[in-house]
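# Working through the structure, step by step
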Amino acid sequence: MPTLVRIRGDEDFRRPKFSGHVDTDLFLSLAPRMDVLCPPRKRLRGNFIIPFRETKPKQEQKDLISMLPDECLFEIFRRLPAARDRSVSACVSKRWLMLQSSMRRSEIKRSKPSPKTCGETPNGDRSEQSNKLCQENASFTEDNFEEFPDDGFGEVEYLEPESREFDVGWKGTAEKGTGEKQPRWAIGDLSRCLEGKKATDIRLAAISIGMGGRGGLGKLKIRGNHPFRGVSDLGLSTIGIGCPALRVLCLWDCPLISDKGLLAIAKGCHLLEKLDLFNCPLIGDKGLEAIAENCPGLLTLNIESCPKIGNKSLEAVGQHCPNLKSLSVSDCSLVGDQGIMSLVSRSTKLVKVKLQAVKVTDHTLAAIGLYCNNLTELTFVNLQKVTENGFQALGNSSVMQKLKLLSVTACRGLTDQGLESIGQGCPSVKVASFRKFELLSDKGLKAFIKAAISLENIQLEECNMISHFGLIDALGTCSGKLKVLTLVKCTGIKESGLGEVPVPTCESLKSLNIRSCPFLGNGCLALLGRACPQELDISKCGITDNGLVSLASAASYSLQILSLSGCMQITDKGLPFIGKIGETLIGLNLQQCRGISSRARDLLASHLWRCDLLV
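Owing to the predicted nature of the structure, the values given are computational and were not obtained by experimental measurement. (Residues numbered from 1 in each chain as written. Predicted model: local features only at pLDDT ≥ 70, side-chain atom pairs only at ≥ 80, totals over all residues. Heavy atoms only, no water.)

Assigned secondary structure in the protein consists of 21 helices and 18 strands. Out of the 615 residues in the protein, the part that is buried amounts to 47%. Roughly 32500 Å² of accessible area belongs to the protein as shown, and the carbon and sulfur atoms make up 51% of that amount. (Helix = DSSP H or I, 4+ residues; strand = E, 2+ residues; numbered from the N terminus. Buried < 20%, exposed > 50% of the residue type's maximum accessible area, 1.4 Å probe, protein only. Areas by Shrake-Rupley, 256 points an atom, 1.4 Å probe, with all protein chains shown as cover.)

On to the side chain of Ser 330. Note on placement: Ser 330 falls in strand E7 (residues 326–330). When residues no more than four places from it in sequence are discounted, the contact partners of Ser 330 are Ile 303, Glu 304, Ser 305, Lys 354 and Gln 356. (Contact = heavy atoms within 4.5 Å.)

All right, on to the packing of helix H7 (residues 201–210) against helix H8 (residues 233–242) then. With their axes 8 Å apart at the nearest point, H7 and H8 run at an angle of 5 degrees to one another. When the interaxial angle is binned, H7 and H8 end up roughly parallel. Where H7 abuts H8, its residues Asp 201, Leu 204, Ala 205, Ile 207 and Ser 208 lie against Leu 234, Gly 235, Leu 236, Thr 238, Ile 239 and Gly 242. Residues that form the contact of H7 with H8 fall into these classes: six nonpolar, four polar and one charged. (Axes fitted to C-alpha atoms, helices over the stretch in contact; angles between N-to-C directions. Parallel < 35°, antiparallel > 145°, perpendicular 65-115°, else oblique. Nonpolar A, V, L, I, M, F, W, Y, C, P; charged D, E, K, R; others polar.)

With that settled, the discussion passes to helix H14 (residues 388–396). What H14 keeps buried is the set Gly 390, Phe 391, Leu 394 and Gly 395. Looking straight down H14, one finds that the buried residues subtend no more than 130 degrees of arc, so they occupy a single side. In H14, the exposed positions angled more than 90 degrees off the buried face are occupied by Asn 389 and Asn 396. As for H14, its buried residues are in contact with helix H13 (362–371), strand E9 (377–381), strand E10 (405–409) and helix H15 (416–425). (Arc of directions from axis to C-beta.)

Here the focus is the nonpolar core. One recurring pattern in soluble globular proteins is that nonpolar side chains are buried together. Phe 380, Phe 434 and Phe 448 are the most contacted members of the largest nonpolar core, which has 132 residues in total. Setting aside anything within four residues of it in sequence, one finds Phe 434 in contact with Leu 406, Val 408, Leu 414, Leu 419, Leu 440, Phe 448, Ile 458, Gln 459, Leu 460, Glu 461 and Cys 463. In terms of nonpolar packing, the next biggest core, distinct from the first, is built from six residues, Leu 73, Phe 77, Leu 99 and Met 103 among them. (Core = buried A, V, L, I, M, F, W, Y, C linked by side-chain atoms within 4.5 Å.)

Before going further, it helps to spend a moment on the environment of Leu 204. Position of Leu 204 among the secondary structure elements: in helix H7. For Leu 204, a relative accessible area of 0% puts it in the buried group. Taking C-alpha positions, Leu 204 is 7.0 Å from Leu 236, a pair spaced 32 residues apart along the chain. Dropping the residues within four chain positions of it, Leu 204 is found in contact with Leu 194, Leu 220, Ile 222, Val 231, Gly 235, Leu 236, Thr 238 and Ile 239.

The next thing to look at is the packing of aromatic side chains. In total, this model carries two aromatic pairs according to the counting rule given. Relative to Phe 391, the ring of Phe 380 lies with its centre 6.3 Å away and its plane at 70 degrees, an arrangement referred to as edge-to-face. Highlighted residues: Phe 380 in strand E9 and Phe 391 in helix H14, separated in sequence by 11 residues. The same class applies to Phe 380 as to Phe 391, namely buried. (Phe/Tyr/Trp six-rings, centres within 6.5 Å; stacked < 30°, edge-to-face > 60°.)

For any two helices packed against each other, one specifies the inter-axial angle together with the distance between the axes. In contact at an axis separation of 8 Å, helix H11 (residues 311–320) and helix H12 (residues 337–346) are set at 5 degrees when each is read in the N-to-C sense. In terms of orientation, H11 lies roughly parallel with respect to H12. On the side of H11, the interface is formed by Asn 311, Leu 314, Glu 315, Val 317, Gly 318 and Gln 319, while H12 contributes Gln 338, Gly 339, Ile 340, Ser 342, Leu 343 and Arg 346. Looking at the contact of H11 with H12 residue by residue, the class counts come to four nonpolar, six polar and two charged.

There is a patch of like positive charges on the surface, built from Lys 404, Lys 430, Lys 481, Lys 483 and Lys 510. Relative to the elements of secondary structure, Lys 481 occurs in the loop between helix H17 (468–477) and strand E13 (484–488). (Patch = residues over 30% accessible without salt bridge, like charges linked within 9 Å, V, L, I, M, F, W, Y side chains within 5 Å. Salt bridge = Lys/Arg side-chain N within 4 Å of Asp/Glu carboxyl O. Lys, Arg positive; Asp, Glu negative; His and termini not counted. Charge placed at Lys NZ, Arg CZ, Asp CG, Glu CD.)

Next up on the list: the pairing of strand E14 (residues 511–515). Burial of E14 is extensive: four of the five residues sit out of reach of the surface. The pairing of E13 with E14 spans five bridges and is classified as parallel. Bridged to Val 488 within E14 is Arg 515. As paired strands, E14 and strand E15 (residues 535–537) are joined by three bridges and run parallel to one another. Considered in E15, the bridge of Leu 512 is made with Leu 536. (Pairing = 2+ DSSP bridges.)

Once that is clear, we can look at unusual backbone geometry. Working note: non-glycine residues mostly have negative phi, and peptide bonds are mostly trans. Here the phi dihedral of Ser 305 falls at roughly 55 degrees; this positive angle occurs in a residue that is not glycine. Within the secondary structure layout, Ser 305 lies in the loop between strand E6 (300–304) and H11. The backbone of Lys 436 sits at a positive phi, close to 60 degrees, despite the residue not being glycine. Relative to the elements of secondary structure, Lys 436 occurs in the loop between strand E11 (431–435) and helix H16 (442–451).

Turning our eyes to something else, we now look at the pairing of strand E8 (residues 352–356). For a regular strand, side-chain orientation follows a simple rule: the groups alternate between the two sheet faces. Here five bridges tie E7 to E8, and the two strands are oriented parallel to one another. Note on E8: the bridge partner recorded for Val 329 is Leu 355. The parallel pair E7 and E8 is bridged by H12, and the resulting crossover is right-handed. Across five bridges, the pairing between E8 and E9 is parallel. Counterpart to Lys 354 in the pairing with E9 is Thr 379. Each parallel crossover has a hand, and the one from E8 via H13 to E9 is right-handed. (Right-handed = clockwise from strand over helix to strand, strands pointing away.)

Scored by pLDDT, the protein comes out at a mean of 77, with 72% of its residues at no less than 70. Taken together, the stretch residues 9–38 has pLDDT below 50 and engages in 24 contacts with residues farther than four places along the chain or on a different chain. (pLDDT = per-residue confidence, 0-100.)

What follows concerns the environment of Gly 521. By secondary structure assignment, the location of Gly 521 is in the loop between E14 and helix H18 (522–531). The spacing of Gly 521 and Gly 542 is 21 residues in sequence and 5.6 Å in space, taken between C-alpha atoms.

A few words now on the pattern of salt bridges. Going through the model one piece at a time under the given rule, you end up with three salt bridges. The shortest N-O distance in the salt bridge between Glu 195 and Arg 223 comes to 3.4 Å. Remark: Arg 223 occurs in strand E3 (residues 217–223) and Glu 195 occurs in strand E2 (residues 190–195); sequence separation between them is 28 residues. Look at Glu 195 and you get partly exposed, because its relative accessible area is 42%.

Further remarks concern helix H9 (residues 259–268). Taken across its 10 residues, H9 has seven buried, putting it largely inside the fold. Turning to H9, its buried residues number three or more, namely Asp 259, Gly 261, Leu 262, Ala 264, Ile 265, Ala 266 and Gly 268. On its buried face, H9 is in contact with H8, strand E4 (248–252), strand E5 (274–278) and helix H10 (285–294).

Attention shifts here to the state of the cysteines. Inspection of the entire model under this criterion finds zero disulfides. Left without a disulfide partner, Cys 269 is nearest to the cysteine sulfur of Cys 243, which lies 6.7 Å away. A residue is classified by how much of its surface remains accessible, and Cys 269, at 0% relative accessible area, is buried. (Disulfide = S-S within 2.5 Å.)

Written as structure tokens, this is what we have:
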């Protein structure tokens, strides 16, 4: 047996030794060739280990371009020829976006057409077609770059620049009709508004890059803030770098923006015409001074709830912005006489002025009456340090002849004498509003209406010393131009003592509104009916069904609109009298009249089929 198999019996059947890697197919093919006494189909017995080829793990491919430093990427981006290419590359990553948003337009390299692209021949001659191609390439490298469609950056809105609304503007702004060709980025005919969670630095960076080739950003409004990554100085700086045509900037509820952000706007947006700041606690005098020094074409300035802004910045605005036309300062505790007086004395083109909750005195009102000879709208709210002398000084000035709108709220210094002085000094006023006055009586109201010969609309709210006799005097002393008379929450309007008081007719009166006067009773409705207005609003007053009887008997056929909203004491019994009045009505408001049933309302609606009924 050992001879047959050619091995000794005491030898072990060892596995063969192989060097290197052996193909498994070749290894298994050796079994049939071995000279052994066994069936040919039987496999070779033994402890064989099949060696497999060892595969090396694949190495992760490294993103070589992401390893480039910012300096190299900067050089690459500045050589991109078209605005579309730069916008597309900015979509790759946040790093690329922020890097491109920090590039100024002057840093972008403009390629010049080579002789090869222009088709220049070896002897220096050019064909007509080559010259045309060269001109197209040259125009492609100008500041306007490539214009591309509005895709990928959200909706945009076209608007007229702020400066086109005024006849006088800064000499650096583009005037309508000049015919001068401007680059696309300098037109500024696009508008964007970011609200709430959409207000982030990333969006501002994308806007600064994407708007350059589409006409330029002209109007930006930021309302609210993202709770975790809101707009900061970094995002606002990208707008200052990439949007030089910006003309309107509104920042509302932006607690992360400071003077640094306004400095970037002042440095890059010299065409700014309107600045609106609301609840920006980190913005102070330094940022507003920079705006005043670098944006001499500023026309509108609105500041509200900015506790770090004081007199120094307002002095700079008056010194560097001679064309300022609208000023509004509200709830700024550091603002006083020094800043406002310095501004109004130099900004002689002011048209609108609003002062609310600032520490000004009679001197500021005297300065306004002395220098603001073009003023058309004047608003005072909660000026606690202004006395009667200040309003008299304002009324006694001779430069308030153009004033059209006057609104005074919660100023304790306004009395009957001050109101009479304002009426005499402002003969052109057409709209007047007085709210929350405890010392204003019937005497002052009568004197003001008599002196203001152009008055068309007057509103009195929470003036409790105004009585129904003052209302009658107002109707009798109007100059024939009064169209709207409104009294809201005036508790002095009562029906006691009226009797048979003759009511003068005011032929020009079209609307009489007496709302939320709880003591206005049924007896006053006969008086109001004889006043014969076209619109009568007696919402939320103590009117009952008997009052509707008096109104129906006294009203003429000129009444067209009647509002009884919130009159809880009116029931179904008074509806027949409303139907009698409704022969000439075109509008009737019965909202919140809970005493009227739905069935009665349906019957009234079928009867007054020509009238618009609100129930």
